[in-house]
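# Observations on the model geometry
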Amino acid sequence: MTHVNPVCFTSRSHDPDTFPHLSSCSCNIEQWDSDEPVPRSELLEKVAGIRGLYCLLTEKIDAEVLDAAGPSLQVVSTMSVGYDHVSLEELKKRGIRLGYTPDVLTEAVAELTVALLLATSRRLLEAVDEAKNGGWGTWKPLWMCGYGLTDSTVGILGLGRIGAAVMARLKPFGVKRFLYADTGPRPDMATKIPAEFVPLEELARHSDFVVVCCALTPETQGICASSLFSLMKDTAIFINTSRGGVVNQEDLYQALVNGQIAAAGLDVTEPEPLPIDHPLLKLKNCGESVLKPAEKQWLKMVI
Ligand SMILES: O=CC(=O)O
């Protein structure tokens with residue numbers, strides 16, 4: 001019996017109609033038959049001789065994987081808007097194209113960001129805990145008071161599609177001023193809802209809410225560190241829905257414990273999830289969300 005190599009490998013199991021084009025041309029697809037990530041050793045085996053690889057951000061696509069796939073590999077696609085887990089350099093060297101899913105989750109992530117911001121600033125999780133554990137003895141006028149958006153300044157780090165969608169949703173809450181920091185001015189994104197391009201340090205100093213929406217790149221790796229937290233207001237709320245790697249978590253922990261900032265709402269951490277005994281999870285003023293919106297596969301090409 002001749003062994004036919006799969007033409008494509010997907011690192012999770014997907015509905016058959018996820019890949020209508022591939023199915024209609026009777027392309028041979030092998031799926032990792034689980035909702036859990038494919039173990040690295042299996043991935044290295046499965047990719048041998050494939051032409052297309054469909055992965056998630058849990059798979060690090062580097063020289064080792066590309067070498068294991070060999071010269072047949074023509075395209076890698078990731079079911080994510082971020083592609084920091086894929087080595088563009090290694091792909092380019094080999095002439096392999098990269099697909100990703102921008103736009104698919106813009107609204108969902110923007111909603112999640114606003115939800116996290118409101119839950120954090122209005123101390124929702126703490127309040128629910130207190131109601132459940134008997135901590136709510138009686139009505140006290142200033143107990144559990146949070147921080148409001150009315151007349152506030154919101155600073156967005158990374159004004160792309162998601163950052164702009166977050167601003168559009170926050171504007172009706174009465175935000176007075178939007179600031180943003182990015183690699184350069186983004187007039188295309190900062191017109192519908194006017195936002196001022198400022199240096200990151202200025203954003204940190206003036207914002208009541210700092211919302212991180214940037215991509216993880218070598219430039220943004222660890223950019224939210226003690227040097228930034230120390231500039232922020234002690235009433236500031238820090239929200240991260242980009243990537244955990246953008247934040248120095250030890251510095252964030254110190255900033256929260258020392259009252260340098262008021263609270264943090266994190267949709268992303270390193271690793272994900274955090275170990276349950278992680279110090280950040282012990283803090284009342286730090287909430288971690290597990291709300292990851294499901295992603296549909298509308299692929300576009302990066303390279
Ligand atoms: O984090 C999710 C994504 O990059 O789509």
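This is a predicted model, so every value here is computed, not measured.

Rules used in this analysis
Residues numbered from 1 in each chain as written. Predicted model: local features only at pLDDT ≥ 70, side-chain atom pairs only at ≥ 80, totals over all residues. Heavy atoms only, no water. UniProt positions renumbered as here; feature names shortened; annotations may be inferred. Helix = DSSP H or I, 4+ residues; strand = E, 2+ residues; numbered from the N terminus. Pairing = 2+ DSSP bridges. Contact = heavy atoms within 4.5 Å. Axes fitted to C-alpha atoms, helices over the stretch in contact; angles between N-to-C directions. Buried < 20%, exposed > 50% of the residue type's maximum accessible area, 1.4 Å probe, protein only. Patch = residues over 30% accessible without salt bridge, like charges linked within 9 Å, V, L, I, M, F, W, Y side chains within 5 Å. Areas by Shrake-Rupley, 256 points an atom, 1.4 Å probe, with all protein chains shown as cover. Salt bridge = Lys/Arg side-chain N within 4 Å of Asp/Glu carboxyl O. Polar contact = N/O pair within 3.5 Å; in protein donor to acceptor, adjacent residues only side chain to side chain.

As annotated by UniProt and renumbered to match this structure, "domain: D-isomer specific 2-hydroxyacid dehydrogenase NAD-binding" (unreviewed entry) occupies residues 114–286. For residues 114–286, helix accounts for 30% and strand for 14%, while the C-alpha atoms at its two ends are 16 Å apart.

Below, the discussion takes up the sheet that holds strand β8 (residues 196–197). Sheet architecture is open: seven strands sit in the order β8-β7-β6-β9-β10-β11-β12, paired in parallel fashion. Each edge of the open sheet is held by one strand with a lone partner, namely β8 and β12 (286–288). Direction of pairing for strand β10 (residues 237–240) relative to strand β11 (residues 263–266): parallel, over a ladder of four bridges. By the bridge assignment for β11, I239 is matched with G265. The sheet strands contacting helix α7 (residues 161–170) are β6 (153–157), β7 (177–181) and β9 (209–212), and the helix crosses β6 at an angle near 165°.

A separate point is unusual backbone geometry. The omega torsion across E270 and P271 is -5°, close enough to zero to call that bond cis. Position of P271 relative to the elements: it lies in the loop between β11 and α11 (279–282). Of the consecutive residues E272 and P273, the connecting peptide bond is found in the cis state with omega at -10°. Mapped onto the fold, P273 is located in the loop between β11 and α11. One non-glycine residue, R123, adopts positive backbone phi at about 55°. For R123, the location among the structural elements is in the loop between α5 (106–121) and α6 (124–133). A residue is classified by how much of its surface remains accessible, and R123, at 26% relative accessible area, is partly exposed. The phi angle at D151 is positive, at roughly 65°, despite the residue not being glycine. Within the secondary structure layout, D151 lies in the loop between α6 and β6.

This brings us to a nonpolar patch on the surface. There is a patch of nonpolar side chains on the surface, built from W136, W139 and W143 and spanning about 420 Å² of accessible area. Relative to the assigned elements, W139 resides in the loop between α6 and β6.

Here R51 shows up in the loop between α2 (40–46) and β3 (52–55). With 14 residues separating them along the chain, R51 and V65 place their C-alpha atoms 13 Å apart. The residues contacting R51, other than those within four sequence positions of it, are V7, S72, L73, Q74 and V75.

A word on the environment of L142. Mapping L142 onto the fold places it in the loop between α6 and β6. Taking the C-alpha atoms as reference points, L142 and Q249, 107 residues apart in sequence, are found 30 Å from one another.

As a further point, take the sheet that holds strand β4 (residues 75–78). In space, the six strands of this open sheet follow the order β2-β1-β3-β4-β5-β13, with mixed pairing throughout. The two strands at the open ends of the sheet, each matched to only one other strand, are β2 (29–31) and β13 (300–301). One ladder, built from three bridges, connects strand β1 (residues 8–10) with β3; its direction is parallel. The partner of T10 across the bridge, within β3, is Y54.

So, about the side chain of S11. Its place among the elements puts S11 in the loop between β1 and α1 (20–24). A polar atom in the side chain of S11 sits 2.7 Å from the side chain of E59. Not counting residues within four places of it along the chain, the set of residues in contact with S11 comprises W32, E36, V38, Y54, C55, L56 and E59.

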